[in-house]
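Structural description and commentary
Below are the chains, spelled out letter by letter.
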Amino acid sequence: MFSGIFYFSDMDKVLVSISDISKLSTNTESFIITLRDESGKLALHLVLSIFEAQLVSALLEKIPFKRPMWYSHFESIFSAFDVSLDEVYIRDFMEGVYYSSLVVSGDNKTLEFDSRPSDSIILALHMGKPIYVDKKLLIGNKESIGDIEEEDTKKKPEAIVNVAEKIVQLKAELENALDVEDYEKAAQIRDEIEKLEG
């Protein structure tokens, strides 16, 4: 279903690849997927369900399924209508939710369709298409975490990683709070995230 057209500058896009998938913690079924830029210095951490993490892992390892998965149908539909998936773009984070787009072209037109980041990543892996992230979302990018004082740049790498992991965990908790409509708790978690990011 068509859900919008989005226009963004290519200057905002950073090409990323999957560098790691790991369990969020021992007492949860959620997983963290880490997307890194080509330098390895900038990263985006997303929370996936166990099913989504299994799909990503299977695609990375090129493990076949006995029956077609949902992303196989997308590829068939694109082919039937003579359109192609050019790229996926994780473009924004608002109210505890990440937003991404499928960039599709055909008949001399290019359109961007709203999509969940996890679905976008899975489809890009299946079809061998690039994954881009808006630079403001990447941890390690000065613009994404606010102004950094000179003494802050002397922090050890492991300290920065711990902060990143804490942010990922808080964002997962924020999503859970919003799901159960606990808006007071969601507001508290959002404030804590903003303190860590800013």
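The following refers to the structure shown.

Calculation rules
Residues numbered from 1 in each chain as written. Predicted model: local features only at pLDDT ≥ 70, side-chain atom pairs only at ≥ 80, totals over all residues. Heavy atoms only, no water. Axes fitted to C-alpha atoms, helices over the stretch in contact; angles between N-to-C directions. Helix = DSSP H or I, 4+ residues; strand = E, 2+ residues; numbered from the N terminus. Parallel < 35°, antiparallel > 145°, perpendicular 65-115°, else oblique. Left-handed = near helix turned anticlockwise from the far one by under 90°. Contact = heavy atoms within 4.5 Å. Nonpolar A, V, L, I, M, F, W, Y, C, P; charged D, E, K, R; others polar. Buried < 20%, exposed > 50% of the residue type's maximum accessible area, 1.4 Å probe, protein only.

Okay, the packing of helix α1 (residues 50-60) against helix α3 (residues 117-127) next. At a minimum axis separation of 9 Å, α1 and α3 run at an interaxial angle of 15 degrees. Taken together, α1 and α3 sit at an angle that is classed as roughly parallel. Remark: the crossing between α1 and α3 carries left-handed chirality. Between α1 and α3, the contacting residues are Glu52, Leu55, Val56, Leu59 and Leu60 on the first element and Ser118, Ile122, Leu125 and His126 on the second. For the contact of α1 with α3, the per-class residue count stands at 6 nonpolar, 2 polar and 1 charged.

With that settled, consider α1. All buried positions along α1 are accounted for by Glu52, Ala53, Leu55, Val56, Ala58 and Leu59. Tucked inside the fold, the buried residues of α1 contact β1 (13-23), β2 (31-37), β3 (43-48), α2 (70-80) and α3. The positive-phi residue at the C-terminal boundary of α1 is Lys62, with phi of around 55 degrees.

Next up on the list: the environment of Phe31. Position of Phe31 among the secondary structure elements: in strand β2. Given the relative accessible area of 19%, Phe31 is considered buried. It is 9.6 Å that separates the C-alpha atoms of Phe31 and Phe51, two residues lying 20 residues apart in sequence. Apart from residues lying up to four places away in sequence, Phe31 is in contact with Ile21, Ser22, Lys23, Leu24, Leu46, Val47, Leu48, Ser49, Ile50 and Ala53.

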